[in-house]
Amino acid sequence: MSSLLLWLHIGFAIFTIGPVTAATMAAPRVIRNKNVPALQNIQRMTRVYSIGAIGVFVFGLALGAVLGDGLLGKWYMTASMTLFIVAAVLLVIIDRDLRTAVKALSSEEATDDAKVQNGRIAAISGLLSVIWLVILFLMVVPT
């Protein structure tokens, strides 16, 4: 059972965390180019892969419970779960900013060019990438 949970945990991590990171990192360039259809696609991808990324947390939690030995109480597990929750909140903020940028660029008004959302998405997606790397470090190194 634990090997199945490990495979699911790693599979969800590979097939959801990578794409959502790539999509959020590509969004600022698409906003600068004012490519609304591509931005709508990125916003949709971000939402779908963010929801799928919850599987990483769920299967990791289940794996920790199955392995036992107080694994979920270890400092690095607690830190990585906390960072994952922070990352999930940041993904919600990015999704909100992407929706706002789509509305701003879709409107007929030329004064709003989504520069605020562009900067915020760029900053948060960079921070999100660092959080994913710290979580990866915490999952590999302490054991």
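Residues numbered from 1 in each chain as written. Predicted model: local features only at pLDDT ≥ 70, side-chain atom pairs only at ≥ 80, totals over all residues. Heavy atoms only, no water.

Per an unreviewed UniProt entry, the chain goes by the name DUF2269 family protein and belongs to Actinomadura luzonensis.

## Description of the packing of helix 1 (residues 2-32) against helix 2 (residues 36-67)
Their axes nearest at 7 Å, the elements helix 1 and helix 2 cross at an angle of 155°. Between helix 1 and helix 2, the interaxial angle falls into the category roughly antiparallel. In the crossing of helix 1 with helix 2, the sense of the turn from one axis to the other is left-handed. Residues of the contact of helix 1 with helix 2, tallied by class, amount to 26 nonpolar, nine polar and no charged. (Axes fitted to C-alpha atoms, helices over the stretch in contact; angles between N-to-C directions. Helix = DSSP H or I, 4+ residues; strand = E, 2+ residues; numbered from the N terminus. Parallel < 35°, antiparallel > 145°, perpendicular 65-115°, else oblique. Left-handed = near helix turned anticlockwise from the far one by under 90°. Nonpolar A, V, L, I, M, F, W, Y, C, P; charged D, E, K, R; others polar.)

## Quick look at the environment of Ile 121
As for its placement among the helices and strands, Ile 121 is situated in helix 4 (residues 115-140). Considered as a pair, Ile 121 and Phe 59 are 62 residues apart in the sequence and their alpha carbons are 28 Å apart. Residue contacts for Ile 121: discarding those within four places in its chain leaves Thr 24, Ala 27, Pro 28, Ile 31, Ile 94, Asp 97 and Leu 98. (Contact = heavy atoms within 4.5 Å.)

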